[in-house]
Amino acid sequence: MSETAPTRPPSAAPPQSALAKTYDPAAVEAPIYAMWESGGYFRPQARRPDGEPYCIIVPPPNVTGALHLGHALTTTIEDILIRWRRMLGDEALLLPGVDHAGIATQNVVEADIARQGLSRHDIGREAFLERVWEWVARYRGRIADQQRRLGMSCDWEREVFTLDAGPQQAVRSTFRDLHAGGKVYRGHRIINWCPSCRTALSDLEVEYVEEPGALWHVRYPFAAGGGESGGGGIVIATTRPETIPADVAVAVNPDDDRWREVVGRRVRVPTPGIERAIPIIADAAVEIGFGSGALKITPGHDMLDFEIGERHGLPAISVVDWDGTMTPESGPYEGLDRDVARERAAADLEAAGHLVETQPHEHSVGHCQRCDTVVEPLISNQWFVDVSELAAKAASVVREGEVRIVPERFAKVYLQWMDNIRPWCISRQLWWGHRIPAWYCLRCDGAGIQLSVPRSSLPEGGPGLEASPDGAHWSGSAAAIAAAGLPWDRIAALATDPTIGRDVTPIVAADDPAPDACERCGRGPLLQDPDVLDTWFSSGLWPHSTLGWPESNDDLARFYPGSVMETGYDILFFWVARMVMLGCHNMDGAPPFRTVYLHGLVRDAQGRKMSKSLGNGVDPLDVSDQYGTDALRFTLATGSSPGNDMRLTDERLQGSRNFVNKLWNGARFVLGELGDRVVAPRAAAGDPSLALEDRWILSRLAGLTAEADDLLGQFQIGEAGRRIADFLWGDFFDWYVEASKVRLRAGDDAPLGVLAHVLDQGLRLLHPFLPFATEAIWQRLRPHLAGEDGPALIIADYPRPGAGRDAAAERGFAGVQEVVRAIRQVRADRGVEAPRWIEAYVVAGPGGDGDALRDRAAVIETLARARPLRMVAARSEAPDEQVVTQVLDRAEVVLPLGGLVDLARERARLDKQIAEAEGHEARIEAKLANPGFTGKAPAPVVARERERLRELRQRLDGLRERRADLG
RNA sequence: GGGCGAUUAGCUCAGUUGGCUAGAGCGUCCGGUUCACAUCCGGGAGGUCGCAGGUUCAAGUCCUGCAUCGCCCACCA
């Protein structure tokens, strides 16, 4: 223990006279957690000279949310890794935080004030943000409390919120830097718009759902010159006839022979009342096979059309407004909701004779990820990040293996996305979030900035101003308002929710603080961009912003790049990809973490995704109340494998709870046997003074230790947990503890050291999985361990591989187990009453196997309830009348059971065993007769087969003899 | 349209450099109040590892094709 170790806190669990008979998580967990926290064990601390920094940044949950099972899974995996590395002596940091979750949180608070009949516009930006901060204050602590309940060993002193000053600074800094490099820009482009949230969305925030719709085939008549043509035209297919008024062209594929002739001609927009002729153009993006092969081009409301429009220098017309209703440009449909307009437009086309055909058509429709409203592609002035260069770097760090993704297959998905990345729309027309650090000069740009001011501040109005429908506001350009007599500084103060025109040039200052004068006119006033940034922009900076970037400091140097990023595969693009891009960018090409571990979804017992609408969501704390946190963690850890979904069932949780209870009771036994003794661990495998079972369990422990180390190192967390549990329950409790009782009951204390040692090591191995129960037990075991002065299991040394296996002991005890099982089998088969002792003969010749059996006869006796047990060297020394015989690999067991013996049944049993053994023998013989096998298979494999065959033949001889005896 | 995953005992799932006479838990059947534990102990039954080919001495594990279910991506008019 180094001198930096924290002082020993008062023990949370003083040794008691007796442990409760059943493990009670509710009584154990809280005091244990308090002990860890007050002991300062969550603070990173290297406890060995070559201890390395090991850092996991916790994915920040939404500040106003509650944890769900996905969080519990993340928590479990991260905490297992952190506890493991902490116990290895590394400087382990699990860094917690919460996310402001822009649109999600804003929607929650908006829904709340809507219950009072208010909208955010009613109360204004400042008052609204105050309300949100109230929510944050109310809920912020809840997440951390829930994480504590899950046993998460975070360094709480470092907890960060995305809207803390540090991360705010990081966001501004990054934005400015990307802007200076030309990677952040403002542009008038087509974006995904949610008419309900009233904000732009990124491509990722749109969820496409297959929905039934219709495909309307519409004839666009040829226009001759400027006038009417005499019939004919071109037929296009559309799912959105309401956008026809926004058409600016019809496109066909240049290689489409059907339409080659008409390219260059003009057609009339067929909507009644729209007198407009549009060109027929040729563009390779049009698919020849679809519909008639002709496509209407609507750059204002379709992503592909926007691109085609740009290629051909076509204008864009907007017919759907920001609230989802039709604009004046739509002609007859002005003011209608877009869905109503669709029906109306189709009917009008039919009435006008332009509708050729209507077919049902399944197609995917984009919905807002947050509110499920159908997203409207429309043209808007937004901020974008040109991520092409960032993505190239982010792809290369994964390709080059600098960042490893577990499971590996997700690297392919990640790379595919990176290689086809498009500009990222980062501005959101929300109030809650990181406000965009760009300003506009009212004086210079007044003509391009639209805003509304209360009529009270400008009673007379003026030219260019328009009264709002309720008459309470004037709206118009800032310049017009100034011309009407309102002073500039008053305008700036009133301008809470302005609209910034496309020709206005933003001012992005090089540094904090905010600019106070226009860099062009030297005066101002300046108006900050009203929009906020996509939540994921700040999330993308999380791995370095939480460590204090852009200030350089110790933490950043030590803990960046982080070791592991653990999260669900569902946010691979949203978050992981952005962290890699922005991390590499800000940190001189250094990616934010070395390994990405992706877990799957936690589903319910029926395999359904847990969701609010289904009402099948499970609160991890309820599970913890019912089964204990350890049981929940163990279930999540062992029931999941990287990248794969898992089902959480009560059966599994019960199984885990049972295991925790088993551990608790196994420990009760050991502690009870120890009494008040302090024992030196008997740890040396191969020590000839130890009994066979001692050497066996120590060898098994050595094997387990090596396996656990290997598996954890490969992120095979579930497999590691299962192996440790199997060892404890199977090898240790079922066999070693039972065998140890033989000597203990005889007054021989020798097993105590082994019991204490194996329990101690088992608790250490298991601690990352079951932190509470293992710590609670260990606190009671510690006083019995000579030389152990560590204050808590959480910072005790994790067992490291090194001790060798004892092959002889493993083989020897396997023989004991084989004999015990064989006797138990016969007892059960013949219906021998459980408490009854039966006479038994074990036939074993001289040699290692036989010696081991003779040596441990007392163990066999007790475990098989076979007394007297006679060890004999030859079959002839055992009776052969009215006996049941078990022929094993290393011995034969003869049980004189008198009247219980049924000869016919014995013959049948032996015949079956002989047949099975012969089948097996034939398979091995064939294998060994194959020169390909003996020639090409590795020598140890061949040797093992030979040995198997030898044992098998020996056993077959025995079986045949016994069969012959029975006639 | 492209990509990915799953398909192993009645159920839920492990099985990572091919060597398995394929495992676990639950369920099921038989038997148990042995002084750590009935949230337990002992014993049993139960699988042509989705289908068809291929590579290999050897395939649940690698390759190809197919089927069913699920997911992701795409500018599916």
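Here is what the cut-offs are and how they apply
Residues numbered from 1 in each chain as written. Chains lettered and ligands numbered in written order. Predicted model: local features only at pLDDT ≥ 70, side-chain atom pairs only at ≥ 80, totals over all residues. Heavy atoms only, no water. Helix = DSSP H or I, 4+ residues; strand = E, 2+ residues; numbered from the N terminus. Rg over C-alpha atoms; globule rule 2.2 N^0.38 Å. Areas by Shrake-Rupley, 256 points an atom, 1.4 Å probe, with all protein chains shown as cover. pLDDT = per-residue confidence, 0-100. Contact = heavy atoms within 4.5 Å. Pairing = 2+ DSSP bridges. Disulfide = S-S within 2.5 Å. Buried < 20%, exposed > 50% of the residue type's maximum accessible area, 1.4 Å probe, protein only. Phe/Tyr/Trp six-rings, centres within 6.5 Å; stacked < 30°, edge-to-face > 60°. Lys NZ or Arg CZ within 6 Å of the ring centre and 35° of its normal. Axes fitted to C-alpha atoms, helices over the stretch in contact; angles between N-to-C directions. Parallel < 35°, antiparallel > 145°, perpendicular 65-115°, else oblique. Nonpolar A, V, L, I, M, F, W, Y, C, P; charged D, E, K, R; others polar. Near = heavy atom within 4 Å. Polar contact = N/O pair within 3.5 Å; in protein donor to acceptor, adjacent residues only side chain to side chain. Salt bridge = Lys/Arg side-chain N within 4 Å of Asp/Glu carboxyl O. Core = buried A, V, L, I, M, F, W, Y, C linked by side-chain atoms within 4.5 Å. Left-handed = near helix turned anticlockwise from the far one by under 90°. Patch = residues over 30% accessible without salt bridge, like charges linked within 9 Å, V, L, I, M, F, W, Y side chains within 5 Å. Lys, Arg positive; Asp, Glu negative; His and termini not counted. Charge placed at Lys NZ, Arg CZ, Asp CG, Glu CD.

**Observations regarding the overall build of chain A**
For chain A, the count of helices and strands is 29 helices and 34 strands. A globule of 967 residues ought to have a C-alpha radius of gyration of about 30 Å, yet chain A, at 38 Å, is considerably larger. For chain A, the spread of C-alpha atoms along the principal axes amounts to about 120 × 70 × 50 Å. Working note: accessible area of chain A is about 40000 Å², and carbon and sulfur atoms make up 49% of it.

**So, the confidence of the model for chain A**
Residue-level pLDDT values for chain A average 90, and 97% of them are 70 or greater. Across residues 1–17, confidence stays below pLDDT 50; counting only partners more than four residues off in sequence or on other chains, it has 30 contacts.

**Digging into the sheet that holds strand 5 (residues 184–194)**
An order of 6-5-16-18 is seen for the 4 strands of this open sheet, with the pairing classed as antiparallel. Strands at the two margins of the open sheet, each flanked by one partner only, are strand 6 (199–201) and strand 18 (424–425). Taken together, the 3 bridges between strand 5 and strand 6 define a ladder with antiparallel strand orientation. The residue of strand 6 that forms the bridge with N192 is L201.

**As for the state of the cysteines**
A full pass over the atoms with the stated rule returns 0 disulfides. For the unlinked cysteine C371, the closest cysteine sulfur is that of C194, found at 3.4 Å. Looking at C371, the relative accessible area reads 28%, which means it is partly exposed. The cysteine C444 is free of any disulfide, with C441 supplying the nearest cysteine sulfur at 3.4 Å.

**Some thoughts on the packing of aromatic side chains**
One pass over the full model with this rule turns up 23 aromatic pairs. For the pair W133 and W432, a centre-to-centre distance of 5.2 Å together with 80 degrees between the ring planes defines the contact as edge-to-face. Remark: W432 occurs in the loop between strand 19 (427–428) and strand 20 (439–441) and W133 occurs in helix 4 (residues 120–149); sequence separation between them is 299 residues. Residue W133 is classed as partly exposed on the basis of its relative accessible area, which comes to 40%. Ring pairs connect the aromatic residues Y33, W36, F42 and F772, which therefore count as one cluster. Across from the ring centre of W156, 4.4 Å away, lies the NZ or CZ of R148, which sits over that ring. If you follow R265 out to its NZ or CZ, it ends over the ring of F222, 3.8 Å from the centre.

**Examining the sheet that holds strand 34 (residues 892–896)**
Here we have 4 strands laid out as an open sheet, ordered 32-31-34-33, and mixed in their pairing. Each of the sheet's edge strands pairs with one partner strand only, and the pair in question is strand 32 (866–872) and strand 33 (883–887). Put simply, the sheet's adjacent strands are angled 20 degrees from each other on average, direction ignored. Note: strand 31 (residues 838–843) against strand 34, 3 bridges, orientation antiparallel. Among the inter-strand pairings, V842 is bridged to a residue of strand 34, identified as V893. Of the strands in this sheet, strand 33 and strand 34 touch helix 29 (residues 939–965), which is tilted by about 160 degrees from strand 33.

**Considerations on the packing of helix 9 (residues 409–419) against helix 16 (residues 572–586)**
For the pair helix 9 and helix 16, interaxial distance at closest approach is 11 Å and the crossing angle is 75 degrees. With respect to helix 16, the axis of helix 9 lies roughly perpendicular. For the pair helix 9 and helix 16, contact is made by F410, V413, Y414, W417 and M418 and by L572, F573, A577, R578, V580 and M581, respectively. Across the contact of helix 9 with helix 16, the residue classes tally to 10 nonpolar, no polar and 1 charged.

**Describing the protein's contact with RNA strand B**
Near RNA strand B there are 56 residues, and of these E287, S364, Q716, Q825 and K936 occur at the shortest range. Counting only the atoms of RNA strand B within 4 Å of the protein, the fraction contributed by sugar and phosphate is 58%. Contact distances for RNA strand B include 2.7 Å between a sugar or linking oxygen and a backbone N or O atom of T239. Measuring from a base oxygen of RNA strand B, one finds a side-chain N or O atom of R657 at 3.3 Å.

**Here's the deal with the pattern of salt bridges**
Counting across every chain of the model gives 75 salt bridges. Of the charged contacts in the structure, one is a salt bridge between R140 and D164, with a shortest N-O distance of 3.9 Å. Of this pair, R140 sits in helix 4 while D164 sits in the loop between strand 4 (160–161) and helix 5 (165–180), and the two are 24 residues apart along the sequence. When its relative accessible area of 23% is taken as the criterion, R140 is described as partly exposed. Ionic pairing is found between R811 and E951, a salt bridge with its closest N-O pair at 3.3 Å.

**Digging into the pairing of strand 11 (residues 249–252)**
Of the two faces of strand 11, the one holding A249 and A251 and the one holding V250 and V252 are both buried throughout. One ladder, built from 4 bridges, connects strand 11 with strand 14 (residues 294–297); its direction is antiparallel. Looking at the pairing, A251 lines up with L295 of strand 14. As defined by bridge partners, strand 11 adjoins strand 13 (residues 277–282) across 3 bridges and the pair is classed as parallel. Considered in strand 13, the bridge of V250 is made with I280.

**Overview of the nonpolar core**
Core analysis: the biggest nonpolar cluster contains 148 residues, and F732, F769 and I823 have the highest contact counts within it. At 14 residues, the largest contribution of residues to this core is made by helix 21 (residues 717–745). Every residue in contact with F732, bar those within four places of it in the chain, is listed here: I697, F727, V737, L755, V758 and L759. Formed by 77 residues, the second largest nonpolar core is a distinct cluster that contains V397, M418, I491 and L572.

**Details of the pairing of strand 31**
Burial runs high along strand 31: 5 of the 6 residues are buried. Sheet analysis places strand 31 next to strand 32, joined by 5 bridges and oriented parallel. Looking across to strand 32, one finds that I838 is bridged to A866.

**Section: helix 26 (residues 857–864)**
Where burial is concerned, most of helix 26 is hidden: 6 out of the 8 residues are buried. Within helix 26, the full set of buried residues consists of A857, V859, I860, E861, L863 and A864. One or two steps after helix 26, the chain reaches R865, where phi turns positive at roughly 50 degrees.

**With respect to the packing of helix 19 (residues 650–674) against helix 21**
Viewed as axis vectors pointing N to C, helix 19 and helix 21 meet at an angle of 25 degrees, and their least axial separation amounts to 11 Å. With respect to helix 21, the element helix 19 is oriented roughly parallel. For the pair helix 19 and helix 21, the sense of crossing is left-handed. Residue-level contacts link N658, F659, K662, L663, G666, A667, F669 and E673 of helix 19 to A725, L728, W729, F733, D734, V737, S740, K741, L744 and R745 of helix 21.

**A closer look at a negative patch on the surface**
Taken together, the side chains of D321, D323, D337, D339 and E343 present a region of like negative charge at the surface. Topologically, D337 is positioned in the loop between helix 6 (303–312) and helix 7 (338–351).

**Notes on the environment of P212**
By the secondary structure assignment, P212 is in strand 7 (residues 206–220). Assessed through its relative accessible area of 70%, P212 is described here as exposed. The spacing of P212 and V365 is 153 residues in sequence and 9.4 Å in space, taken between C-alpha atoms. Sequence-distant contacts of P212, defined by excluding residues within four places in its chain, comprise H361 and E362.

**Description of the environment of V843**
Examined against the element boundaries, V843 turns out to sit in strand 31. Owing to a relative accessible area of 11%, V843 belongs among the buried residues under this scheme. Between the C-alpha atom of V843 and that of V872, which follows or precedes it by 29 residues, the distance is 4.9 Å.

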